[in-house]
Amino acid sequence: MENAFIILFGFTMLYVAATSRLMAHINVLIFQGILLFLICTTDMNEFSIFNFLFIAFETLIIKSVVIPYILGGLIKRTKDYRDTEANIHHFYSLFIATVILFIGFLISNINLPAMKMINPLYFGVSIAVIIISLVLITTKHKVISNVIDFITMENGIFLLSLSVAKEMPLIVNLGVLLDLFIAVFILGLLIKHINTKFDDMEISHLSDLRDCEYDV
Amino acid sequence: MMFNLLLLFPVIACIVIFLFKQEKLNNFFVIVYALLHFSLSLIYLLNDSQRFINNYFSVDSSNVIFLFVLSFVFLAVALYNKRYMYLEDAGQKQKRHYTYMLLIFVLSMTGVITSNNLGLSWVLLEATTLASAYLIFFSKTKNAIEAAWKYVFICSIGIALAFVGIILLTISTGDLSSLNYYDLILNAHKFNPMWLKLSFIFILFGFGTKMGLAPVHFWLPDAHSEAPSPASALLSAALLNSAFYVILKVFNILVIANADSYVRVIMFIMGFLSLFMAAVFIYHINNYKRMLAYSSVENMGILIIGTALGGLGLFAAIIHLIGHSLIKSSFFLTSGNILHIYKTKKIKNISGLLLADKKTAWLWLLSFFGITAFPPSVLFISEFLMIKTMFMQKHYIMCLIFVILLTIILFGLEKAVINMCYGEISKEKEIELKENAKQLSFLMYLPQIILLATAFILGLYIPFNLSEMIQLSVFGL
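Computed from a prediction, not measured in an experiment: that's the story for all the values here. (Residues numbered from 1 in each chain as written. Chains lettered and ligands numbered in written order. Predicted model: local features only at pLDDT ≥ 70, side-chain atom pairs only at ≥ 80, totals over all residues. Heavy atoms only, no water.)

**What to know about the overall build of chain A**
- Counting secondary structure elements, chain A contains seven helices and zero strands.
- Listing every helix and strand of chain A by position from the N terminus yields α-α-α-α-α-α-α.
- Compactness check: chain A gives a C-alpha radius of gyration of 18 Å against a globular reference of 17 Å for 216 residues, within 12% of the reference.
- Principal axes of the C-alpha set define a box for chain A whose edges measure 65 × 35 × 30 Å.
- Buried residues in chain A amount to 52% of all 216 residues.
- Considering only intrachain contacts with a sequence separation of at least 6, the fraction spanning at least 24 residues in chain A is 78%.
- Total accessible area computed for chain A in this model is approximately 10100 Å², and 66% of it derives from carbon and sulfur atoms.
- Distance between charge centroids for chain A: 6 Å, based on 13 positive and 18 negative side chains. (Helix = DSSP H or I, 4+ residues; strand = E, 2+ residues; numbered from the N terminus. Rg over C-alpha atoms; globule rule 2.2 N^0.38 Å. Buried < 20%, exposed > 50% of the residue type's maximum accessible area, 1.4 Å probe, protein only. Contact = heavy atoms within 4.5 Å. Areas by Shrake-Rupley, 256 points an atom, 1.4 Å probe, with all protein chains shown as cover. Lys, Arg positive; Asp, Glu negative; His and termini not counted. Charge placed at Lys NZ, Arg CZ, Asp CG, Glu CD.)

**Details of the layout of surface pockets**
- In this structure, the largest pocket spans a volume of roughly 900 Å³.
- Breaking the lining of the largest pocket down by element, the ones donating at least two residues are helix H7 (170-197) of chain A together with helix H4 (92-114) and helix H5 (118-137) of chain B.
- Here the lining of the largest pocket is composed, by residue class, of 20 nonpolar, six polar and three charged. (1 Å grid on protein atoms, 1.4 Å probe; cavity = no way out; pocket = protein on both sides within 12 Å on 5 of 7 lines; lining within 4 Å. Points joined across faces, edges and corners; volume = space filled by probe spheres on them. Nonpolar A, V, L, I, M, F, W, Y, C, P; charged D, E, K, R; others polar.)

**Looking at the side chain of Asn63 of chain B**
All names here are of chain B.
- Its place among the elements puts Asn63 in the loop between strand E2 (58-59) and helix H3 (64-87).
- Only 2.9 Å separates the side chain of Asn63 from the backbone oxygen of Ser58, close enough to count as a polar contact.
- A distance of 3.0 Å separates a polar atom in the side chain of Asn63 from the backbone nitrogen of Asp60.
- When neighbours within four sequence positions are excluded, Asn63 is seen to be in contact with Ser58, Ile113, Thr114 and Tyr245. (Polar contact = N/O pair within 3.5 Å; in protein donor to acceptor, adjacent residues only side chain to side chain.)

**A few points about the nonpolar core**
- Among the nonpolar cores identified, the biggest contains 245 residues, and Trp149, Leu234 and Trp364 of chain B are the most heavily contacted of them.
- Among the elements that line this core, the one with the most residues is helix H6 (residues 142-172) of chain B, at 20 residues.
- Counting residues in hydrophobic clusters, the runner-up holds 27 residues, among them Ile39, Ile100, Leu121 and Ala128 of chain A. (Core = buried A, V, L, I, M, F, W, Y, C linked by side-chain atoms within 4.5 Å.)

**Remarks on the pattern of salt bridges**
Residues and elements named next belong to chain B.
- In the structure shown here, the tally under the stated rule is nine salt bridges over all chains.
- The salt bridge involving Arg264 is made with Asp260; its shortest N-O contact spans 2.7 Å.
- The partner of Glu430 in a salt bridge is Lys427, with the nearest N and O atoms 3.7 Å apart. Residue Glu430 and its partner Lys427 are both found in helix H18 (residues 427-438); the two are separated by three residues, about one turn of the helix.
- Relative accessible area serves as the criterion here: at 13%, Glu430 is assigned to the buried category.
- When its relative accessible area of 58% is taken as the criterion, Lys427 is described as exposed.
- Connected through salt bridges with shared partners, the residues Glu146, Lys150, Asp222 and Arg290 form a single ionic network. (Salt bridge = Lys/Arg side-chain N within 4 Å of Asp/Glu carboxyl O.)

**Section: the environment of Gly310 of chain B**
Residue and element names in this part refer to chain B.
- Position of Gly310 among the secondary structure elements: in the loop between helix H12 (288-309) and helix H13 (312-342).
- For Gly310, a relative accessible area of 12% puts it in the buried group.
- Along the chain, Gly310 and Ile247 lie 63 residues apart, while their C-alpha atoms are 14 Å from each other.
- Among residues more than four places away in sequence, those in contact with Gly310 are Arg264, Thr389 and Gln393.

**A few points about the packing of helix H2 (residues 22-43) of chain A against helix H3 (residues 49-78) of chain A**
Residues and elements named next belong to chain A.
- Interhelical geometry of H2 versus H3 gives an angle of 180° and a closest axis separation of 9 Å. Between H2 and H3, the interaxial angle falls into the category roughly antiparallel. Contacts from Leu22, Met23, Ile26, Leu29, Ile30, Gly33, Ile34, Leu36, Phe37, Cys40 and Thr41 of H2 reach H3 at Phe52, Ile55, Ala56, Thr59, Leu60, Lys63, Ser64, Pro68, Leu71, Gly72, Ile75 and Lys76.
- For the contact of H2 with H3, the class distribution of residues is 16 nonpolar, five polar and two charged. (Axes fitted to C-alpha atoms, helices over the stretch in contact; angles between N-to-C directions. Parallel < 35°, antiparallel > 145°, perpendicular 65-115°, else oblique.)

**Section: the packing of aromatic side chains**
Residues and elements named next belong to chain B.
- Summed over all chains, the structure comprises 31 aromatic pairs over all chains.
- Look at Tyr288 and Trp364: their rings are 5.8 Å apart centre to centre, the planes differ by 85°, and that puts the pair in the edge-to-face class. A residue pair is termed long-range when its members are at least 10 positions apart, and Tyr288 in helix H12 and Trp364 in helix H15 (residues 358-371) qualify at 76 residues.
- You can call Tyr288 buried: its relative accessible area is 0%.
- A relative accessible area of 0% means that Trp364 is categorised as buried.
- Among the aromatic side chains, those forming a connected cluster through ring pairs are Phe9, Phe28, Phe29, Tyr33 and Phe74. (Phe/Tyr/Trp six-rings, centres within 6.5 Å; stacked < 30°, edge-to-face > 60°.)

**A word on the interface of chain B and chain A**
- Contacts between the two partners involve 52 residues from chain B and, on the opposite side, 47 residues from chain A.
- Across the chain B to chain A interface the summed buried area is about 4300 Å²; carbon plus sulfur atoms make up 77%.
- At the junction of chain B with chain A, the criterion picks out zero salt bridges.
- Where chain B touches chain A, the interface holds one residue pair in polar contact (both at pLDDT 80 or more).
- Elements that contribute at least two residues to the side of chain B that touches chain A include exactly H5, H6, helix H8 (193-211), helix H9 (219-226) and H12 of chain B.
- Sorting elements by how many residues they give to the side of chain B that touches chain A places H6 of chain B first, with 22 residues.
- By residue class, the composition of the side of chain B that touches chain A is 30 nonpolar, 13 polar and nine charged. (Buried area = accessible area lost by both parts, 1.4 Å probe.)

**Structural notes on a nonpolar patch on the surface**
All names here are of chain A.
- There is a patch of nonpolar side chains on the surface, built from Ile49, Phe50, Leu53, Leu170 and Leu174 and spanning about 510 Å² of accessible area.
- Of all the elements in the fold, those that place two or more residues in the nonpolar patch are H3 and H7.
- Here the element with the most residues in the nonpolar patch is H3; it accounts for three residues.
- Assessed through its relative accessible area of 38%, Leu170 is described here as partly exposed. (Patch = residues over 30% accessible without salt bridge, like charges linked within 9 Å, V, L, I, M, F, W, Y side chains within 5 Å.)

**Quick word on the confidence of the model for chain A**
- The pLDDT averaged across chain A works out to 85; a share of 94% of its residues lies at or above 70.
- Per-residue pLDDT, averaged within each element of chain A, yields its smallest value for H7 of chain A (83) and its largest for helix H4 (residues 90-108) of chain A (92). (pLDDT = per-residue confidence, 0-100.)

**With respect to unusual backbone geometry**
Residue and element names in this part refer to chain B.
- Cis geometry marks the peptide bond from Ala214 to Pro215, where omega comes out at 0°.
- By the element assignment, Pro215 lies in the loop between H8 and H9.
- The phi dihedral of Lys140 is positive, around 60°, even though this residue is not glycine.
- For Lys140, the location among the structural elements is in the loop between H5 and H6.

Here it is in structure tokens:
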């Protein structure tokens, strides 16, 4: 059952690659949070109430309510609903994402002794999601879409951590969650300041600092 | 118990400042914390019996030098910070926020250096990014926003990749379910080499982003040039070391697992690329704070080359780290004086520093001599040892490239520093500059004098205890 969810999780990245509406990206984030919750619960070997509550808090509350709420609020505030001028046309972006996802599936079918130590499908899809997010960060032009891609990358890393049967110590898990939350919060604050100091949210405004000055 | 005080004090201080909102409290707590930090780490340094290991934190022979360097630099910065913040044209609230973040920043760096769990180190290293973001953003200009944005975004992505590395490391550990350094080192020979090597690549690039290694150093010149000078000094002299410490710890696991030959090549490439980048950019630099930032990139490159050489090279790298922290923090603090006198960061708009303020000019020149490893400087010993190691290991071409790149960097720095110190200025300009220089107090010279004096004395004479301690830290890692 969880394999279906994982594949669905991989496909959500194709949707992010193909669309330019930022609100749709936010919806994808919510959907990914729910998917991660379903993957965790169907995958759980032994049920412990504390663990369950923590995962529910992490995936359902933080990943699919709080962060999308903050980002959605920012989009409404800056009145910037589309990321139109991406470096690469949506079709090519979709094509690249598909190829990377396909390679991810191929990786999960490699038959190496070392691959026995992990759950291959988790591994392949999560690596693909991380790489697609990194590619999208370089091609997108709005600061908010960069933050959204950063969150999808973090979701990919979360899935990767599920591919290891062992669990991280709780203090590390909590710390990771806290850091992610504060990072989004700080990036949100910076976006507000970018919105007041600059005319619009294009990333190209953020390229004044450089080393050489040419006298034109 | 004593150590808990180190972790709890900044939190309590922040709460007290928040409740009472007095401007005097800001400096008071920063200086008290610096003194506390310094005295505790001095005790740990001199007295082995006080060192300890608990579940999450430990102070042992491997990290006590890192801890002491952090304390020393922080003490100097705290003394300098008092007058600097007084002269800074900022609101009460802004200065309060600055103090909170400065305290939390030092707290999280202390945590990174003393934590004995790789996961916890990761969490705290990300915390340093988030705390220092405000320090960079402090002036709230367009450039500061840009620098802070790049800093938070690039470092967060880098550190996220390092987390991928940590996950891969847990895969390689097999049955062991712990990220404690002691457990990892004890069981290192049983780890799966493929996953271990893969994980180190991610960790090197991830934490290398934070450490400022080329090709992932792009946030560094922007952040260092936009932050207020005390914050730049801490960023350059303490934060980069903390990231280096984590890399060193993980690298040591690879050495024990006997999977290090391949990653050493990658470390060499990154190190020489850092030197190359620094050489190219310093040659045509136009902003003196950016120049210092590129010099940090260079020195981080030297550290990673020394680590990759191993043996005597690693010993030299630790000496280099001490020397670089002392001299670079002095350099950055002096750049704060220059910024106050001239009100510009452009090199070509500055000349006649010796006429305007003799003390600042001499500190600037001495810091320059120190960082470029002129003989009494401790960096001379470390770079000399490193070249010697390259000869011993028969890396002749590598040694040649190393020396040529260092010479280009020396020339670039020299051009800028000499142009700033000498040259003519008009009489009115001189009076105006002297007026600015009068506002600088004694406390804006003293920290640099102490830092430089320590660096030059260490260059003449390294106490036997210290060199023994460095050896222990190389072995004990």
